[in-house]
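Here's the letter readout for the chains.
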Amino acid sequence: MMRRLKTRLRGLVPYPSFPVILFLIVSCLSCSRSGSEVKNLILLIGDGMGPQEIGLALSYARYSESPALKDRALALEKLMNEGTTGIALTSPEGFLVTDSAASATQIATGKKSRPGMIGLDRDGNRAESILEKARKSGRSAGLVSDTRITHATPAAFAAHRPSRAMESEIALDILDSGAEVLLSGGLRHWLPGGTDGSALKPAGSVGFPVRSARKDGRNLLEEVRSQGYATVFDRASLKESSSPKLLGLFAASEMPDAITVNRTRSHKERTVPTLAEMTEKALQTLSQNKKGFFLMVEGGQIDYAGHSNDAGRLLHEMLVFNEAADVVYRWARGRSDTLVVVIADHATGGFSFSYSRHNPPPAIRLPGAAFKDKEYSARNNYVNPSVLDRLYAQKKSFENIRREFEALDTALQTPERFMRMFNEAVEFKISLSQAAGILELMDAPPGFMFKKERVYKIPRIRDFPEFYTAAMENRSNLMARAVAPEQGVVWSTGGHTASPVLVTAWGPAKHTRSFGGVHHTTDVYRLMAGALGL
Ligand code: MG
Ligand code: ZN
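Residues numbered from 1 in each chain as written. Chains lettered and ligands numbered in written order. Predicted model: local features only at pLDDT ≥ 70, side-chain atom pairs only at ≥ 80, totals over all residues. Heavy atoms only, no water.

Asks: Describe the overall build of the protein chain, and please don't skip the residues or the numbers.
Replies: Looking only at helices and strands, the protein chain has 21 helices and 17 strands in total. Relative to the compact-globule value of 24 Å for 534 residues, the protein chain shows a C-alpha radius of gyration of 26 Å, a close match. With the principal axes as the frame, the protein chain shows a C-alpha extent of 95 × 75 × 50 Å. Per-residue burial for the protein chain yields a buried fraction of 52% across its 534 residues. When contacts within the protein chain are restricted to residue pairs at least 6 apart in sequence, long-range pairs at least 24 apart make up 69% of them. Summed over all atoms, the accessible surface of the protein chain reaches about 24100 Å², with 54% contributed by carbon and sulfur. With 68 positive and 56 negative side-chain charges, the protein chain shows a separation of 7 Å between the mean positions of the two kinds. (Helix = DSSP H or I, 4+ residues; strand = E, 2+ residues; numbered from the N terminus. Rg over C-alpha atoms; globule rule 2.2 N^0.38 Å. Buried < 20%, exposed > 50% of the residue type's maximum accessible area, 1.4 Å probe, protein only. Contact = heavy atoms within 4.5 Å. Areas by Shrake-Rupley, 256 points an atom, 1.4 Å probe, with all protein chains shown as cover. Lys, Arg positive; Asp, Glu negative; His and termini not counted. Charge placed at Lys NZ, Arg CZ, Asp CG, Glu CD.)

Encoded structure:
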């Protein structure tokens, strides 16, 4: 390079002095540095997607009898095979285990944060996010999630509040962030207080029931429209929109769970877009900006499946997230200006397949010489891969079974009725006495609160009840225990675990290389910001 430079310089200046050469080298280096940034960063966050959850999806892709995946290859696997994977600790300030708010804040800002905080550092100061910095650099920005746009993960990229529960205030911050594409659920935080979906007419209408969760009278939809955004509330209008600024809210609260998504995806009358469809529209819209973009896509309900210890739903949630990753992979393939990062904020539930003494497989004859005179026995049940298809066949999430049961008249809420409802929806059947066990209640600890309400009775969790903090929702965790031996599945908690998460970077090697090895999520921010030249 030096020789080539000198040869070129000789043509320009007969006898270049040393300072001139140094100046030219330095300016050349800095010009090449600014030219080596990536234009676009696409960050895929699987909320609650620990290594075991990725393992479940990989196993399904490889070993299922009839995989819902065409070529048995997950986009997540392709990104890992072609990119670089490392691991990241997720701990927030002062603790080993994180919640989604602190973790997303750490990924978004590079600053340590505390559980519950949105976009604030550990001292409670505003921390600028990668989304905000990317917009300052002239790039566009987008947030996509299948929970609510004001939920902790997307919020941490565009809002700064002391509590994740302040979703109506978070909506104001998101509005102010200027992010061009916002696609998710959570319409209830955008309507004037005291109104329902009819408040949208005549400007628009929604096909789902919604009541405002705002306390003030602000109509954020009108405000956002006055800033030049198109607002859409169903799949068809999302598809049709060509607006460069787009707010799409497709549910009052969170969007449908992945079992519902996968079971209704071919319905002609489907009005709710999938995570993949939202991702596709976000890419199409944001990529109009010649200066590039930042996009965060969250598979937000992997975490929900983990909290309720629902393995069938977990598999579906992973596949729905993978479908969005596939849209990103196909969009970015062949480009050299885009960095794709896949990460989780933490793992949830402590899911794993595990061997047990339940139904050990029969002894079999093996052709090999070592077993000429005897049979082979695995002794324990090491979990038959057919479990994967039976998990996929689940018709309803444990949470939906619970909600439907609890919506019945009290007199109808019998163990017989519960057993029937559960066994209709789940391949792994429960007995009447198991149903009765799932419905059993015990006194809540003194002063037990859930979602700001005092709770007196909670489901009788028999193993470490302290780790199940979600009141009546813990019935799902009891369902999981009833089917655990048949599923070959164990869970360790109703909450998050401190498991390190995998982080995969895909794109130009000079930017992905450094993602290998062991990191903290705050380091991951620095690597991403560095790649964007921020
Ligand atoms: Mg989340
Ligand atoms: Zn969670």
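From this point on, the discussion continues.
Asks: Help me get a handle on the coordination of the magnesium ion (ligand 1), residues and values and all.
Replies: Ideal geometry at a metal centre: 109.5 degrees between donors when four sit tetrahedrally, and 90 or 180 degrees when six sit octahedrally. Within the protein, the atoms that donate to the magnesium ion (ligand 1) are Asp 47 (OD), Thr 153 (OG1) and Glu 298 (OE), at distances of 2.0 to 2.2 Å. Every donor residue of the magnesium ion (ligand 1) comes from the same chain, spaced as D-x105-T-x144-E. Pair noted here: Asp 47 is in strand β1 (residues 40-48) and Glu 298 is in strand β7 (residues 293-299), with a separation of 251 residues, a long-range link. Each member of the pair Asp 47 and Glu 298 is classed as buried. (Donors = N, O, S within 2.8 Å, 3.2 Å for Na, K, Ca; no water.)

Asks: Would you mind going over the coordination of the zinc ion (ligand 2) in detail, with residue names and values included?
Replies: Ligation of the zinc ion (ligand 2) by protein atoms is provided by Asp 303 (OD), Asp 303 (OD), His 307 (NE2) and His 496 (NE2), these donors lying 2.1 to 2.3 Å from the ion. Coordination at the zinc ion (ligand 2) is irregular: its 4 donor atoms span angles of 57 to 152° at the metal. Positions of the donor residues of the zinc ion (ligand 2) along the chain correspond to the pattern D-x3-H-x188-H. Within this pair, Asp 303 and its partner His 307 are both found in helix α13 (residues 302-307), separated by 4 residues, close to a single helical turn. (Tetrahedral: all angles 85-135°; square planar, octahedral: opposite > 155°, others 65-115°.)

Asks: Residue-level account of helix α12 (residues 275-286), with values.
Replies: If you check α12, its first and last C-alpha atoms are 16 Å apart, about what 12 residues at 1.5 Å a residue would give, namely 16 Å. Among the residues of α12, Leu 275, Ala 276, Met 278, Thr 279, Lys 281, Ala 282, Leu 283, Thr 285 and Leu 286 are the ones counted as buried. (Expected span 1.5 Å × (residues − 1).)

Asks: Break down the domain arrangement of the protein chain for me, with residues and values.
Replies: Note on interface size: it is often stated as the accessible area lost on association of the parts. Domain annotation of the protein chain identifies domain 1 (40-351 + 496-532) and domain 2 (394-490). Computed from C-alpha atoms alone, the centre-to-centre distance between domain 1 and domain 2 is 29 Å. Contacts between the two partners involve 15 residues from domain 1, matched on the other side by 16 residues from domain 2. Counting each side, the surface lost to burial between domain 1 and domain 2 is near 1100 Å², with a carbon and sulfur contribution of 46%. The three residues of domain 1 that bury the most area against domain 2 are Ser 308, Asn 309 and Asp 310, which together make up 37% of that side's buried surface. There are 0 salt bridges connecting domain 1 and domain 2. Take the side of domain 1 that touches domain 2: its biggest share by element is 4 residues, from helix α14 (residues 311-332). Looking at side-chain class alone, the side of domain 1 that touches domain 2 contains 3 nonpolar, 7 polar and 5 charged residues. (Domains from an automatic or database assignment. Buried area = accessible area lost by both parts, 1.4 Å probe. Salt bridge = Lys/Arg side-chain N within 4 Å of Asp/Glu carboxyl O. Nonpolar A, V, L, I, M, F, W, Y, C, P; charged D, E, K, R; others polar.)

Asks: I'd love a proper account of the pairing of β7, names of residues and values included.
Replies: Counting buried positions over the 7 residues of β7 gives 7, a clear majority of the element. By the alternation rule, side chains of β7 split into Phe 293, Leu 295, Val 297 and Gly 299 and Phe 294, Met 296 and Glu 298, which are all buried. Two strands pair when backbone bridges link them, and β1 and β7 are joined in this way by 6 bridges, in the parallel orientation. When the bridges of β7 are listed, Ile 45 appears paired with Glu 298. (Pairing = 2+ DSSP bridges.)

Asks: Explain α14 to me, and be specific about the residues and the numbers.
Replies: Relative to the 32 Å expected for 22 residues at 1.5 Å per residue, α14 spans 31 Å between its end C-alpha atoms, a close match to the ideal helical length. Once α14 finishes, Gly 334 follows within two positions and takes phi at roughly 85°, a positive value.

Asks: Which residues make up the packing of aromatic side chains, and what are the values?
Replies: Aromatic ring pairs are reported here in terms of the distance separating the ring centres and the angle at which the planes meet. Counting across every chain of the model gives 12 aromatic pairs. Between the aromatic rings of Tyr 60 and Tyr 392, the centroid separation amounts to 5.4 Å while the plane-to-plane angle is 20°, which identifies the pairing as stacked. Highlighted residues: Tyr 60 in helix α3 (residues 51-63) and Tyr 392 in helix α15 (residues 386-392), separated in sequence by 332 residues. Consider the rings of Phe 398 and Phe 422, whose centres lie 5.6 Å apart with planes at 50°: the pair is tilted. Here Phe 398, found in helix α16 (residues 398-406), pairs with Phe 422, found in helix α17 (residues 415-425); they are 24 residues apart in sequence, far enough to count as distant. Judged by relative accessible area, which is 0%, Phe 398 ranks as buried. One residue, Lys 374, lies across the ring of Phe 371, its end atom 5.8 Å from the ring centre. (Phe/Tyr/Trp six-rings, centres within 6.5 Å; stacked < 30°, edge-to-face > 60°. Lys NZ or Arg CZ within 6 Å of the ring centre and 35° of its normal.)

Asks: Break down a nonpolar patch on the surface for me, with residues and values.
Replies: There is a patch of nonpolar side chains on the surface, built from Ile 364, Leu 366 and Tyr 376 and spanning about 240 Å² of accessible area. Tracing the backbone through its elements, the reader meets Ile 364 in the loop between β9 (352-353) and α15. (Patch = residues over 30% accessible without salt bridge, like charges linked within 9 Å, V, L, I, M, F, W, Y side chains within 5 Å.)

Asks: For the nonpolar core, give the residues involved together with the corresponding values.
Replies: Among the nonpolar cores identified, the biggest contains 138 residues, and Leu 43, Phe 157, Leu 187, Trp 190 and Phe 418 are the most heavily contacted of them. The element best represented in this core is α14, accounting for 13 residues. Shared between two domains, this core holds at least three residues of each, these being domain 1 (40-351 + 496-532) and domain 2 (394-490). Residues within four places of Phe 157 in sequence aside, it is in contact with Leu 43, Ile 45, Ala 104, Ile 107, Ala 108, Ser 129, Ile 130, Leu 131, Glu 132, Leu 143, Phe 294 and Met 296. (Core = buried A, V, L, I, M, F, W, Y, C linked by side-chain atoms within 4.5 Å.)

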